[in-house]
Amino acid sequence: MTLVTEAERKEEARKRMEQKVLGLRGDDAVAYAARQANVDVISAYPITPQTIIVEELSRFAANGWIKAKYINVESEHSAMSGCIGAALVGARTFTATASQGLAYMHEALYAASGMRCPTVMAVACRALSAPLNIHGDHSDVLGSRDSGWMQVFCENAQESYDLTLAAFKLAEDEKVLTPIMVNLDGFITSHCLERVNVLPDEVVNQYLPPRNAKLKLDPDKPVTFGAMALPDYYFEFKRQQEGAMTEAYRLTPKIWREYAIISGRRYANVRPYKLNDAEVAIVSMGSTSGTARYAVDELRNRKVRAGSLNIRLFRPWPGPDVARALKKVKAVAVLDKAMSFGAPATTLFEDIATTLYALPKQPTLVNYVYGLGGRDVTIAQISKAAEDVLKLARQRKKTVPTRYLGVRDQ
Amino acid sequence: MTTEQTPPPPPTPPPAPTPTAPAPKPYTPFLTKLADLPLEEKFGPGHRLCSGCGPAITMRMMTKAFRGPTIIFNATSCVEVSSSPFPYTAWGVPWAHVLFQNTAACASGAVEAINKMCEEGRAKKSDVVVVGGDGGIVDIGIAALSGALERGHDLCIICYDNNAYQNTGIQRSGATPLGAWTTTSEVGEKQQGKTEWQKDILGIAIAHNIPYAASATIADWRDFINKVRRAIEVEGPAFLHVLAPCQLGWRYDPSQTIQIARLAVDTKFFPVYECVDGVYTINRRVPSPKPVVEYLKTQGRFRHVLEEKNKWLLEKIQQGVDKNWQRIVNLERATNPAAPKT
């Protein structure tokens, strides 16, 4: 753990005071960050609830506020492909999508990560068809879990801005060279107007100077990209991608520290809340983490020793951080906003369970699915889930089958 | 409140000059004789394509037309898998393969990135060439192709047409001709090869109002290489449809590749023409055309068409070929004042 001195805290507070405060929706905040980030090529296609991002960027381009080339492609498959092509010649690339768009570009996601294109893509998370639904859940991004992309989940508009900038830094590191998704919850974060502290352009300019790729399609040094690799070499490519994920995880403390120095905002891979003496923990990703903290306060008012954990970095999975945060609790409620049909549990639960399996003593662990298709989740529902899990722990139950919050059963 | 004055009437513009069609600038091809061909090889040796492979010849000729730094984006295809078996490569130029259907989109991103970085002195100006087979361009990649043509990127897109998905083992594509046998347009009691005509991919490309589009075959090296060069030189998107026979899928002796490509032109089966800013020109006129059967009988994939019971099919193919030729002649007459009157 990095210790922060009082002088550093004061300096960070001073920096925050100096920053401009804007009223931005989550999508606006992402577009604002992409404008400042010296992006070379934006290749984009509209889809709700991400569309504001590409609209804003188009407005910036039309007014000459960005130097990036803006390509209006004919599909999400081509949006990702345009980014891949541009990244291969050494450009910094950005795109945004959601839901069906992410599903449509699915195969291109693997090409981007396999060819080590450090593209940054904002995803305004949204449910998948059928039935058609434009509201937020995590089905789309969790469906892309194994595509070799890094993923961060933003809780609010401020995080959407900050994590978009930091994402470029992480993705383009020569030891990482892996694309990253910056996930913000559809409508809840993407369309909600909030106060956002933004950095001055020249500060971001220094933080993210134009990309200088070492390996690229260069006529002076002809190389072949995307060669065919059969059983004799394919495995090594994939193993190296996993190595890049490990490197990325190792690099994260440095990424957050550097970002804190320029912004005064200190992030970490996970955000524990009142977990020091907690008996029960609520684990979640994205905007629900704020609701979970309200639930924790409400439970604490009723003398229930609750805490919460927000998973900010989802891939690479911050296993040690999660284990450290949850090692003392007796019970954990894992809130997942996506299904994994026919599976023993949903994605986040499985990751948490795998992480805690290595601990000498495992807490009671229960899988909760909530908020599918944008269904609202309340503080009361989350509080009740935490209390139920604690009750199960007192009955010495390890786990129970998946439970659903706020669904009409049968 | 101030009284607003009526603004003075705008000055009458001078009478516009009578519009006359600007005379098309004569184009000087860079290649007139064999000695003009660059000696440097940028493709192969070392590729793993078949002997007598039409696409391999297409690639070698194509690279001879490059005018300077050039980057190639190659769709998944015979050429792609056979030229880049890791850790080897047959390419002496920067080359990338991403996926099957997205090559035109990848190249769109690359060419815009190069433009932007050139303006900032961060990259070298390079031509970007897209290569794909008929599967990757005519069928699965048509959306990416159409998008790239519509957006007007400065790309040279080359579709080498070997009339089927030869890489996966000779399956029918949108470019497979009527009557041709493939492993998914079989010959049997109820079906005599492919039951549909091929898609007019060059017509589709021209419909995007691009500055340059042309067809060519590998039988005429000068015509083909000059067309590649022109497609690279032209500002904006250019599209080339190149007939590249496949000895394995078309069922003929590998020594016959060029002969067969030539016969396709001599029987009017594959018209060689170009469309420059909307003006059509037939580049290979065929004053005394051979009957289509002369082309079909060279290839095992059409063997059943020659049978007596399939005479109707042969006639249908001949009629279709004649009709298509007349269509192109009409287009030339309608757009090109220099077209022959008869």
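Residues numbered from 1 in each chain as written. Chains lettered and ligands numbered in written order. Predicted model: local features only at pLDDT ≥ 70, side-chain atom pairs only at ≥ 80, totals over all residues.

**Observations concerning the overall build of chain A**
Spelled out, the test is: Comment: elements are numbered from the N terminus, with helices defined as DSSP H or I runs of at least four residues and strands as E runs of at least two. Taken over C-alpha atoms, the radius of gyration is set against a globule rule of 2.2 Å times the number of residues to the power 0.38. A residue pair is marked as a contact if its C-beta atoms, positioned from the backbone, fall within 7 Å.
Each helix and strand counted, chain A has 14 helices and 16 strands in total. Compactness check: chain A gives a C-alpha radius of gyration of 21 Å against a globular reference of 22 Å for 410 residues, within 12% of the reference. Across its three principal axes, chain A shows a C-alpha extent of roughly 70 × 55 × 40 Å. For chain A, the proportion of contacts with a sequence separation of at least 24, taken over those separated by at least 6, is 82%.

**Here's the deal with the domain arrangement of chain A**
Residue and element names in this part refer to chain A. Put simply, the test is: As annotated, the domain borders come from an automatic or database domain assignment. Charged means Asp, Glu, Lys or Arg here, nonpolar means Ala, Val, Leu, Ile, Met, Phe, Trp, Tyr, Cys or Pro, and polar covers whatever is left, Gly included.
Segmentation of chain A into domains returns domain 1 (18–208 + 225–263) and domain 2 (270–404). Between domain 1 and domain 2, the contact holds 27 residues from the first and 21 residues from the second. Sorting the residues of the side of domain 1 that touches domain 2 by element identifies α7 (139–143), β6 (150–154), β7 (180–185) and α10 (234–263) as the ones contributing at least two each. Considered class by class, the residues forming the side of domain 1 that touches domain 2 number 12 nonpolar, 11 polar and 4 charged.

**A word on the interface of chain B and chain A**
Applied cut-off: Strands pair, by our definition, only if DSSP identifies at least two bridges between them.
Taken residue by residue, the interface counts 40 residues in chain B and 39 residues in chain A. When residues of the side of chain B that touches chain A are traced back to their parent elements, those giving at least two are β1 (70–74), β2 (95–97), α3 (103–119) and α5 (142–151) of chain B. Tallying contributions element by element places α3 of chain B first for the side of chain B that touches chain A, with 12 residues. Of the residues contributing to the side of chain B that touches chain A, the split by class is 24 nonpolar, 11 polar and 5 charged. Sheet topology places strand β9 (residues 224–225) of chain A next to β2 of chain B; 2 bridges connect them, and they run parallel.

**Some remarks on the sheet that holds strand β3 (residues 127–133) of chain B**
One open sheet holds the 9 strands; their spatial order is β9(A)-β2(B)-β1(B)-β3(B)-β4(B)-β8(B)-β7(B)-β9(B)-β10(B), and the pairing between them is mixed. Looking at the sheet topology across the chains shown, the edges are occupied by β9 of chain A together with β10 (279–282) of chain B. Two strands pair when backbone bridges link them, and strand β7 (residues 212–217) of chain B and strand β8 (residues 238–243) of chain B are joined in this way by 6 bridges, in the parallel orientation. From the neighbouring strand, Ser215 of chain B faces β8 of chain B, where its bridge partner is His241 of chain B.

**Here's the deal with the sheet that holds β6 of chain A**
To keep things clear, this is the line we draw: Lines fitted to C-alpha atoms define the axes here, with helix axes fitted over just the stretch in contact, and angles between the N-to-C directions of these axes take values from 0 to 180 degrees.
Read across the open sheet, the 7 strands follow the order β3-β2-β4-β5-β7-β6-β13 (chain A); overall the sheet is mixed. Looking at which strands have only one partner, the edges of the open sheet turn out to be β3 (69–72) and β13 (313–315) of chain A. Each strand axis lies, on average, 20° off the axis of its neighbour in the sheet, ignoring direction. Here strand β4 (residues 93–97) of chain A runs beside strand β5 (residues 120–125) of chain A; their pairing, made up of 4 bridges, is parallel. Note that in β5 of chain A the partner of Thr95 of chain A across the bridge is Met121 of chain A. The strands that α3 of chain B touches are β2 (41–44) and β3 of chain A; relative to β3 of chain A, the one it contacts most, it runs at about 160°.

**Side note on helix α13 (residues 347–357) of chain A**
For an α-helix, 3.6 residues make a turn, and residues three or four places apart therefore share a direction. To keep things clear, this is the line we draw: Partly exposed residues are those whose C-beta has more than 12 but fewer than 20 other C-beta atoms within 10 Å; with 20 or more the residue is buried, with 12 or fewer it is exposed, and the C-beta atoms are placed from the backbone.
Residues of α13 of chain A that are buried include every one of Thr347, Leu348, Phe349, Asp351 and Ile352 of chain A, and no others. Each element contacted by the buried residues of α13 of chain A is listed here: α7, β11 (280–284), α12 (319–326), β14 (331–336) and β15 (364–369) of chain A.

**Side note on the nonpolar core**
As a reminder, the rule being used: By our criterion, buried Ala, Val, Leu, Ile, Met, Phe, Trp, Tyr and Cys residues that link up through C-beta atoms within 7 Å make up a nonpolar core.
Counting 224 residues, the largest nonpolar core has Ala110 and Ile158 of chain B as its most contacted members. Per-domain counts for this core show at least three residues from each of domain 1 (18–208 + 225–263) and domain 2 (270–404) of chain A. Excluding anything up to four places from it in sequence, Ala110 of chain B contacts Gly85, Ala86, Leu88 and Val89 of chain A together with Ile71, Phe73 and Val128 of chain B.

**Quick word on the environment of His135 of chain A**
Residues and elements named next belong to chain A. Mapping His135 onto the fold places it in the loop between β5 and α7. Between the alpha carbons of His135 and Phe187 there is a distance of 6.7 Å; along the sequence they are 52 residues apart. Once residues lying within four places of it in the same chain are set aside, the contact partners of His135 are Arg126, Ala127, Gly186, Phe187, Gly373 and Gly374.

**Side note on the confidence of the model for chain B**
Test applied: The pLDDT score gives, residue by residue, the confidence of the prediction method on a 0 to 100 scale.
Scored by pLDDT, chain B has a mean of 94; 92% of the residues are at 70 or more. Here the predicted complex scores 0.94 on pTM and 0.94 on ipTM.

**So, the packing of α12 of chain A against α13 of chain A**
Residues and elements named next belong to chain A. Spelled out, the test is: Comment on the angle field: the value is read as roughly parallel under 35 degrees, roughly antiparallel over 145, roughly perpendicular from 65 to 115, and oblique elsewhere.
The interhelical angle for the contact between α12 and α13, taken along N-to-C directions, is 75°, at an axis separation of 9 Å. In terms of orientation, α12 and α13 fall into the roughly perpendicular class. Across from Gly319, Val322, Ala323 and Leu326 in α12, the residues of α13 making contact are Ile352, Thr355 and Leu356. Counted by class, the contact of α12 with α13 contains 5 nonpolar, 2 polar and no charged residues.

**Here we look at the pairing of β7 of chain B**
All names here are of chain B. Using the following cut-off: Handedness of a crossover is defined as follows: orient the strands so they point away from the viewer, and if the path from the first strand over the helix to the second runs clockwise, the crossover is right-handed.
Buried residues dominate β7, accounting for 6 of its 6 residues. Note on the crossover from β7 through helix α7 (residues 221–233) to β8: the handedness is right-handed. Across 3 bridges, the pairing between β7 and strand β9 (residues 273–276) is antiparallel. Paired with Ala213 across the bridge in β9 is Cys275.

**Let's talk about the packing of helix α11 (residues 288–301) of chain A against helix α14 (residues 379–394) of chain A**
Residue and element names in this part refer to chain A. Formally: The handedness criterion is simple: a crossing whose near helix is rotated anticlockwise from the far helix by less than a right angle is left-handed, and one whose near helix is rotated clockwise is right-handed.
Running from N to C, α11 and α14 cross one another at 65°; their axes reach a closest spacing of 9 Å. With respect to the hand of their crossing, α11 and α14 are arranged in right-handed fashion. On the side of α11, the interface is formed by Thr291, Ala292, Tyr294, Ala295, Glu298 and Leu299, while α14 contributes Ile379, Ile382, Ser383 and Ala386. Taken together, the residues that form the contact of α11 with α14 break down as 7 nonpolar, 2 polar and 1 charged.

**Describing the environment of Pro363 of chain A**
Residues and elements named next belong to chain A. Assignment of secondary structure puts Pro363 in the loop between α13 and β15. Here Pro363 falls in the buried class, since 22 other C-beta atoms lie within 10 Å of it. Distance in space between the C-alpha atoms of Pro363 and Lys397 is 9.4 Å, their sequence separation being 34 residues. For Pro363, the residues in contact, after removing those within four places along its chain, are Leu326, Val329, Lys330, Ala331, Val332, Leu356 and Ala393.

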